[in-house]
Amino acid sequence: QVQLVESGGGLVQPGGSLRLSCAASGIIFSIYVMGWYRQAPGKERELVAEITNDGRTVYIDSVKGRFTISRDNAKNTVYLQMNSLKSEDTAVYYCKVGRTLDYWGKGTLVTVSS
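Scoring rules and cut-offs
Residues numbered from 1 in each chain as written. Predicted model: local features only at pLDDT ≥ 70, side-chain atom pairs only at ≥ 80, totals over all residues. Heavy atoms only, no water. Pairing = 2+ DSSP bridges. Helix = DSSP H or I, 4+ residues; strand = E, 2+ residues; numbered from the N terminus. Axes fitted to C-alpha atoms, helices over the stretch in contact; angles between N-to-C directions. Disulfide = S-S within 2.5 Å.

Asks: Kindly report on the sheet that holds strand 5 (residues 46-51), identifying the contributing residues and their values.
Replies: Sheet architecture is open: 6 strands sit in the order 2-10-9-4-5-6, paired in mixed fashion. Looking at which strands have only one partner, the edges of the open sheet turn out to be strand 2 (10-12) and strand 6 (57-59). If you compare each strand with its neighbour and ignore which way they point, the axes differ by 25° on average. With 5 bridges joining them, strand 4 (residues 34-39) and strand 5 adopt antiparallel strand pairing. Counterpart to arginine 38 in the pairing with strand 5 is glutamate 46.

Right, here's the structure in full:
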């Protein structure tokens, strides 16, 4: 009964910011790597950022310096702070548990448009 619920998406102008949240339940949250992925229409889902159980982070080059992944183990929540948003960031953003487990949230849509 693993559940991941993303929130925080919406419409934002280029250069704007959004903070995504993913609330997890049904897992021992603190032991897992958590990741944010995104998928644009007609494109393959891609990893955006990961954070390990001890706080190490990895980002794809296109978001480095603009996005920050963080986690609050007490709240079983992982966040993605997105700044300086670009049109190419438009996608559905998904939360994922671990690297090999197939647990995903339903996604939250981020639209960057003027």
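From this point, the discussion proceeds with the structure in view.
Asks: Can you lay out the state of the cysteines for me, pointing to particular residues and giving the numbers?
Replies: Scanning the entire structure with this criterion turns up 1 disulfide. Across a sulfur-sulfur distance of 2.1 Å, cysteine 22 and cysteine 95 are joined as a disulfide pair. Measuring handedness by torsion sign, the sulfur bridge of cysteine 22 and cysteine 95 sits at about -80° and is left-handed. Taken together, the residues cysteine 22 in strand 3 (residues 18-25) and cysteine 95 in strand 9 (residues 91-97) connect sequence positions 73 residues apart.

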